[in-house]
Amino acid sequence: MPTTSLTDRYAVSPQVTPQDVADLKAEGFRSIVSFRPDGEAPDQPDAAAVEAAAKAEGLAFIAIPVKAGTVPSDAQVLQAREALASLPAPVVGYCRSGTRAAQIWALAEAGTRPAAEILVDAARGGIDLGGLKSRLDAVPAPTMAAREGARHFQVLVIGGGAGGLSASASLLKRNPALALGIVEPSEEHFYQPGWTLVGGGVFKASQTRRREQDLIPRGAVWLKTSVELFRPEAREVVLKDGTVLSYDALIVATGISLNWDAIPGLSETLGKNGVTSNYRFDLAPYTWQLVEKLKAGKAIFTQPPMPIKCAGAPQKAMYLASDAWRRRGVLKNISVEFNTATPGLFGVKEFVPPLMDYVRDYGIALHLGSKLVEVNGPARTAVFERKTDAGGVECVESTFDMLHVVPPQVSPKVVRESAIAGSDGFVEVNPETLQHVRYPQIFALGDVIGTSCAKTAAAVRVQAPVVATNVLAFLQRKDPVSGYDGYGACPLTVENGKIVLAEFAYGGKLAPTLPKWLLNGQKATRLAWWLKKYVMPALYWKGMIKGHELFVAPKSLKSGKK
């Protein structure tokens, strides 16, 4: 059956017969639209016969008859727009020759993207729709009210956190006419890198919180709900209320899930009995309360197996607490332990020496390969599985007066149980282009991607423009144009006033932003502290999530590969 693809979602065809339907299914089509009225020609099969064949093959079918030689009415265009947005894709539309099917598609697309792009798509398929240009140009972009009722988006973003907002803002700065939707259930947005400083008595928790509605980029539609199901083959997602949304391109930025219940006894004692975590907005102030009150005893800090967001945060909490105790003159009365399930203090070896200097200076007992497996809050005991020198594992029970816990972390259930996940449960993307390896219409960034890069806000800041430019290239049927080198940064707060600023790329390659003579990231510096305390929050709120790309302009791909 001869078909001509105009987009990845839509193709046109001359008259379809019931016998052609099986061939169309074999080509991958999932829906058929008839734009030809019955009775135009004596040998023409009725639409009902084609519909019956389509249903027998499990294909959707709809008829929108447009008389030959006429221009489709506004009502017919609206009907076609709704049908093409809701029918399972890819869709094939037919008439006598395929021209009407192309015309009404073009008019349905008008207002969602520039007329020139629509005409180019048609011309690429050998169809000249130049006669429609004036009508296409006359269709205004959809109003916000119209977009809020839309069920199809050119770009659909899942997640309104740092990754989702940054990528959306970068896209809309480049193309304000994009029909872009953001699926995000939360009404509040948090600057999570600031929670370490809340737990260290430097920031107030309120400094890290904003209203989500104030951060949604102008021109984006906010869908205040969550995703229940990904259908990548159909280019659809199902929302919590059952609504089905379709898209041309999808950006997944759901973040990572904190699995508090993975440690028996932890959830029920959080926020009391001396058990806290800077990984929750409501608990970070409790961390500082515990630090202020503790004068003697044992303080234990933990880190779970990788991957986790901001891998340096568990020890940042420990350093700030130790510094506060030293300044008050009580550190000598407090036994500080760091139990990390990782084999080393930090994943990039160049930054380990300055960190070890602080471990020794504070008198911290360091236990590598030590994983928290149980907590008894009322008894103030914690159980660890520790690797022994002989290669075995032993269980060690320890009492505490303060316990700072970082929970195990996993990909969100909706992602890890979907077709877009790789074997590790995270979105399976090309680590350079951030495009899905099996579904080219899907891109991802942030903590949910399955690459070896750091899961930090600094990484997201670099990833967002890469995703934005590559999504726009995809919408124009081009290969990815920008590459991500795995950049991540971790400002390791070793005391109140000094930071070891670790910046690195894939493979642990050092990737400093500033020259070493100005800021040596392998040493604790006051300049890095100043950046962390004053510059980075402003850069986040006023720059990154607004689509400003200071120092992170996307780098062109050298290889040109996907």
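Residues numbered from 1 in each chain as written. Predicted model: local features only at pLDDT ≥ 70, side-chain atom pairs only at ≥ 80, totals over all residues. Heavy atoms only, no water.

Asker: Give a description of the overall build of the chain that names residues and reports values.
Answerer: Check the secondary structure of the chain and you find 15 helices and 29 strands. On the principal axes, the C-alpha backbone points of the chain span a range of 100 × 45 × 40 Å. Per-residue burial over the chain gives 55% buried out of 562 residues. The long-range share in the chain, meaning contacts at least 24 apart out of those at least 6 apart in sequence, stands at 69%. For the chain, the computed accessible surface area is about 23,400 Å², with 52% contributed by carbon and sulfur atoms. When the 63 basic and 53 acidic side-chain charges of the chain are each reduced to a single mean position, those positions are 8 Å apart. (Helix = DSSP H or I, 4+ residues; strand = E, 2+ residues; numbered from the N terminus. Buried < 20%, exposed > 50% of the residue type's maximum accessible area, 1.4 Å probe, protein only. Contact = heavy atoms within 4.5 Å. Areas by Shrake-Rupley, 256 points an atom, 1.4 Å probe, with all protein chains shown as cover. Lys, Arg positive; Asp, Glu negative; His and termini not counted. Charge placed at Lys NZ, Arg CZ, Asp CG, Glu CD.)

Asker: Describe the packing of helix α8 (residues 162–174) against helix α14 (residues 457–475), naming the residues involved and giving the relevant values.
Answerer: Their axes nearest at 8 Å, the elements α8 and α14 cross at an angle of 45°. One way to sum up the angle between α8 and α14 is to call them oblique. Classified by chirality, the crossing of α14 by α8 is right-handed. Two secondary-structure elements touch here, α8 through Ala162, Gly163, Ser166, Ala167, Ser170, Leu171 and Arg174 and α14 through Val460, Ala464, Pro465, Ala468, Thr469, Val471 and Leu472. The class makeup of the residues in the contact of α8 with α14 is 9 nonpolar, 4 polar and 1 charged. (Axes fitted to C-alpha atoms, helices over the stretch in contact; angles between N-to-C directions. Parallel < 35°, antiparallel > 145°, perpendicular 65-115°, else oblique. Left-handed = near helix turned anticlockwise from the far one by under 90°. Nonpolar A, V, L, I, M, F, W, Y, C, P; charged D, E, K, R; others polar.)

Asker: Break down the environment of Gln207 for me, with residues and values.
Answerer: Inspection of the secondary structure assignment puts Gln207 in the loop between α9 (195–199) and β9 (209–211). Looking at Gln207, the relative accessible area reads 39%, which means it is partly exposed. Along the backbone, Gln207 and Tyr191 are 16 residues apart, and their C-alpha atoms lie at a distance of 8.3 Å. Separated by 2.8 Å, the side chain of Gln207 and the backbone nitrogen of Lys204 make a polar contact. (Polar contact = N/O pair within 3.5 Å; in protein donor to acceptor, adjacent residues only side chain to side chain.)

Asker: Summarise the pairing of strand β27 (residues 498–504); cite the residues concerned and give the values.
Answerer: Burial analysis of β27 places 6 of its 7 residues in the buried class, the great majority of the element. Relative to β27, strand β26 (residues 488–495) runs antiparallel, the two being bridged by 7 bridges. Looking at the pairing, Thr493 lines up with Ile499 of β27. In this antiparallel pair of consecutive strands, β26 and β27, the connection spans 2 residues, and Gly497 shows a positive phi of 125°. As paired elements, β27 and strand β28 (residues 524–525) share 2 bridges and run antiparallel to each other. Across the sheet, Val500 pairs through a bridge with Ala524, a residue of β28. (Pairing = 2+ DSSP bridges.)

Asker: Which residues make up the side chain of Lys316, and what are the values?
Answerer: By the element assignment, Lys316 lies in helix α11 (residues 313–328). Asp447 provides the closest opposite charge to the buried, unpaired Lys316, separated from it by 12 Å. (Salt bridge = Lys/Arg side-chain N within 4 Å of Asp/Glu carboxyl O.)

Asker: A description of the packing of helix α3 (residues 74–86) against helix α4 (residues 99–109) should follow, citing residues and the corresponding values.
Answerer: Running from N to C, α3 and α4 point in directions that differ by 80°, and their axes come no closer than 8 Å. The pairing of α3 with α4 is recorded here as roughly perpendicular in orientation. Touching Gln76, Val77, Ala80, Arg81 and Leu84 of α3 are Ile104, Trp105, Leu107 and Ala108, all from α4. Residue composition of the contact of α3 with α4, grouped by class: 7 nonpolar, 1 polar and 1 charged.

Asker: Mind laying out the pattern of salt bridges, listing which residues take part and the relevant values?
Answerer: This structure, assessed with the given rule, holds 23 salt bridges. Note that Glu51 is salt-bridged to Lys55, the shortest N-O span being 3.4 Å. A residue pair is termed a helical-turn pair when its members lie 3 or 4 positions apart in one helix, as Glu51 and Lys55 do in helix α2 (residues 47–56) at 4 residues. For Arg386, the salt bridge identified is with Glu337, shortest N-O distance 3.7 Å. Of this pair, Arg386 sits in strand β20 (residues 381–387) while Glu337 sits in strand β17 (residues 334–340), and the two are 49 residues apart along the sequence. Residue classification places Arg386 among the buried positions, given a relative accessible area of 12%. When salt bridges with common partners are traced through the structure, they connect Asp323, Arg326, Arg327 and Asp361 into a single cluster.

Asker: Which residues make up the sheet that holds β26, and what values go with them?
Answerer: Ordered in space as β26-β27-β28, the 3 strands form an open sheet in which the pairing is antiparallel. Every other strand in the sheet has two partners, leaving β26 and β28 as the edge strands with one partner each. In the packing of helix α12 (residues 352–362) onto the sheet, the strands contacted are β26, β27 and β28, and the crossing angle to β26 comes to about 25°. Sheet strands in contact with helix α15 (residues 526–543) are β26, β27 and β28, and its direction is about 80° off that of β27.

Asker: Kindly report on the environment of Leu266, identifying the contributing residues and their values.
Answerer: Structurally, Leu266 is set in the loop between β14 (257–258) and β15 (275–276). Setting aside residues no more than four positions away along its own chain, Leu266 makes contact with Trp260, Val275, Val375 and Val405.

Asker: Before we move on, can you summarise the nonpolar core with the specific residues and values?
Answerer: Counting residues in each nonpolar core, the largest one holds 64 residues, and the members touching the most others are Leu156, Leu171, Phe230, Val237, Leu250, Ile251 and Val252. If you look at the next biggest cluster of nonpolar residues, it comprises 53 residues, including Ile263, Tyr279, Phe384 and Ala502. (Core = buried A, V, L, I, M, F, W, Y, C linked by side-chain atoms within 4.5 Å.)

Asker: Any details on unusual backbone geometry? Residues and values, ideally.
Answerer: Across the junction of Ala89 and Pro90, the peptide omega takes the value 0°, indicating a cis bond. In this fold, Pro90 is placed in the loop between α3 and β5 (91–94). Look at the link from Met306 to Pro307: it is a cis peptide, with omega at 5°. Turning to its location among the elements, Pro307 is positioned in the loop between β16 (297–303) and α11.

Asker: Summarise the sheet that holds β16; cite the residues concerned and give the values.
Answerer: Pairing is parallel across the open sheet formed by 5 strands, whose spatial order is β15-β22-β16-β17-β18. Of all strands in the sheet, those bounded by a partner on one side alone are β15 and β18 (365–368). In terms of strand pairing, β17 meets β18 through 4 bridges, oriented parallel. Of the residues in β18, the one forming a bridge with Asn339 is His367.

Asker: With reference to specific residues and values, describe the packing of aromatic side chains.
Answerer: All chains considered together, the criterion is met by 13 aromatic pairs. Between the aromatic rings of Phe346 and Phe351, the centroid separation amounts to 6.2 Å while the plane-to-plane angle is 90°, which identifies the pairing as edge-to-face. Aromatic rings pair up to connect Phe190, Trp195 and Phe281 into one cluster. In this structure, Lys224 packs its charged tip against the face of Trp222, placed 4.8 Å from the ring centre. Against the face of Phe426 rests Lys455, its NZ or CZ located 4.5 Å from the ring centre. (Phe/Tyr/Trp six-rings, centres within 6.5 Å; stacked < 30°, edge-to-face > 60°. Lys NZ or Arg CZ within 6 Å of the ring centre and 35° of its normal.)

Asker: Outline the confidence of the model for the chain, supporting the account with residue identities and numerical values.
Answerer: Looking at the chain as a whole, the pLDDT averages 92, with 97% of positions reaching at least 70. The model gives residues 142–147 a pLDDT under 50, and that stretch makes 13 contacts with residues more than four places away or in other chains. (pLDDT = per-residue confidence, 0-100.)

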